[in-house]
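# A structural walkthrough
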Amino acid sequence: MTDPILKTVTPVSHDLGAFTVHRAVPQQACRSVGRFVFVDEFGPSTLDIGTGMDVRPHPHIGLSTVTYLLEGAIEHRDSLGSRQVITPGAVNLMTAGRGIVHSERSPADERAAGPRLFGTQTWLALPDGQENIDPAFESIASKDLPIVADGGSQARIIMGTLWGETAPTTCHAETINADIELAPDGKMPVDADVAERAVMLLAGDASIDGIALDPLKLIVLRPGAAAVLSSRDGGRVFLLGGEPVGKRHVWWNFVHSSRDRIEQAKEDWRDGKFPRVPGDEAEYIPLPDRPKTVSYP
């Protein structure tokens with residue numbers, strides 16, 4: 001049997017004080033999987049009562065952010081006037097295009113109880129010719145995302161077409177993304193139809209073709225190799241992938257095929273030329289001198 005694993009990527013951990021983020025992409029070992037140029041996992045964490053997550057307004061260009069929660073809630077606001085409380089099982093897609101600003105904070109009721117945080121945020125690089133489209137935001141409730149069941153295990157399709165079902169989430173290019181819940185002694189096949197795929201074990205235990213997955217490591221699968229996920233005691237696995245992205249530059253929150261466009265975005269944010277977030281205008285994140293997120297040319 002052919003080993004389905006092309007490579008294993010160990011995420012870099014960033015301590016944000018109240019919780020830790022595990023960043024698998026981008027780094028030297030893995031610049032992208034499909035069009036995913038950024039892959040973060042956070043939690044599970046319980047924050048102190050009266051505190052919360054407070055990601056102040058910050059800008060993006062040239063990408064779509066995908067926020068997906070397993071536990072907790074996050075209030076999203078953006079410069080389009082969107083305001084949405086993100087809840088478990090829903091998918092929230094923010095397309096930056098030529099430019100958008102947003103903030104992410106714990107809702108008031110979560111702060112009162114001691115917020116729980118467990119989920120993922122990924123970035124998708126927009127295709128050539130669409131990097132400067134108008135910004136947009138959409139939120140799709142968990143009940144509106146397809147669920148595929150197989151012998152007690154199930155998968156919620158976040159984006160794209162998998163196992164014969166298609167999520168209603170906007171895709172600007174071929175993309176797959178799913179939240180897979182493996183039952184004890186359960187299994188789930190991994191489609192091999194797309195060019196690039198990866199899986200990450202978020203909780204419990206899981207194996208792929210009998211090879212045990214290490215928690216939070218990004219397992220990039222060999223192109224064209226069919227594989228089967230299985231679990232002894234039950235596990236949660238995140239699946240992502242799609243068509244290759246090609247060359248993209250990443251600097252802080254900016255993604256683009258043109259370095260000049262990124263330099264312009266840096267200057268525009270520094271000079272206050274991006275739009276503000278209605279209802280969250282008092283604060284913002286300054287342009288960093290040395291961002292934690294950069295591309296690896």
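Up top is the structure these notes are about.
The notes below deal with the structure included here. Keep in mind it's a predicted model, so treat the numbers as computed, not measured.

Moving on: the sheet that holds strand β13 (residues 147-150). Strand order across the open sheet formed by seven strands is β1-β22-β19-β24-β17-β14-β13, with antiparallel pairing between neighbours. Sheet topology places β1 (5-9) and β13 at the edges, where each strand pairs with a single neighbour. Averaged over all pairs of adjacent strands, the angle between strand axes in this sheet comes to 20°, irrespective of strand direction. By the bridge criterion, five bridges tie strand β14 (residues 153-159) to strand β17 (residues 175-182) in an arrangement that is antiparallel. Across the sheet, the residue bridging to Arg156 is Asp179, located in β17.

Turning our attention to unusual backbone geometry. Residue Pro26 follows Val25 across a cis peptide bond; omega there is 0°. Its location among the elements puts Pro26 in the loop between β3 (20-25) and β4 (36-46). Looking along the chain, the bond that leaves Gly43 and enters Pro44 is cis, with omega of 5°. Considering the arrangement of structural elements, one finds Pro44 in strand β4. A positive phi angle, near 50°, is found at Trp163, a position not held by glycine. Looking at where Trp163 falls in the secondary structure, it is placed in the loop between β15 (161-162) and β16 (165-166). Residue Trp163 is classed as buried on the basis of its relative accessible area, which comes to 16%.

What counts and what doesn't
Residues numbered from 1 in each chain as written. Predicted model: local features only at pLDDT ≥ 70, side-chain atom pairs only at ≥ 80, totals over all residues. Heavy atoms only, no water. Pairing = 2+ DSSP bridges. Helix = DSSP H or I, 4+ residues; strand = E, 2+ residues; numbered from the N terminus. Axes fitted to C-alpha atoms, helices over the stretch in contact; angles between N-to-C directions. Buried < 20%, exposed > 50% of the residue type's maximum accessible area, 1.4 Å probe, protein only.

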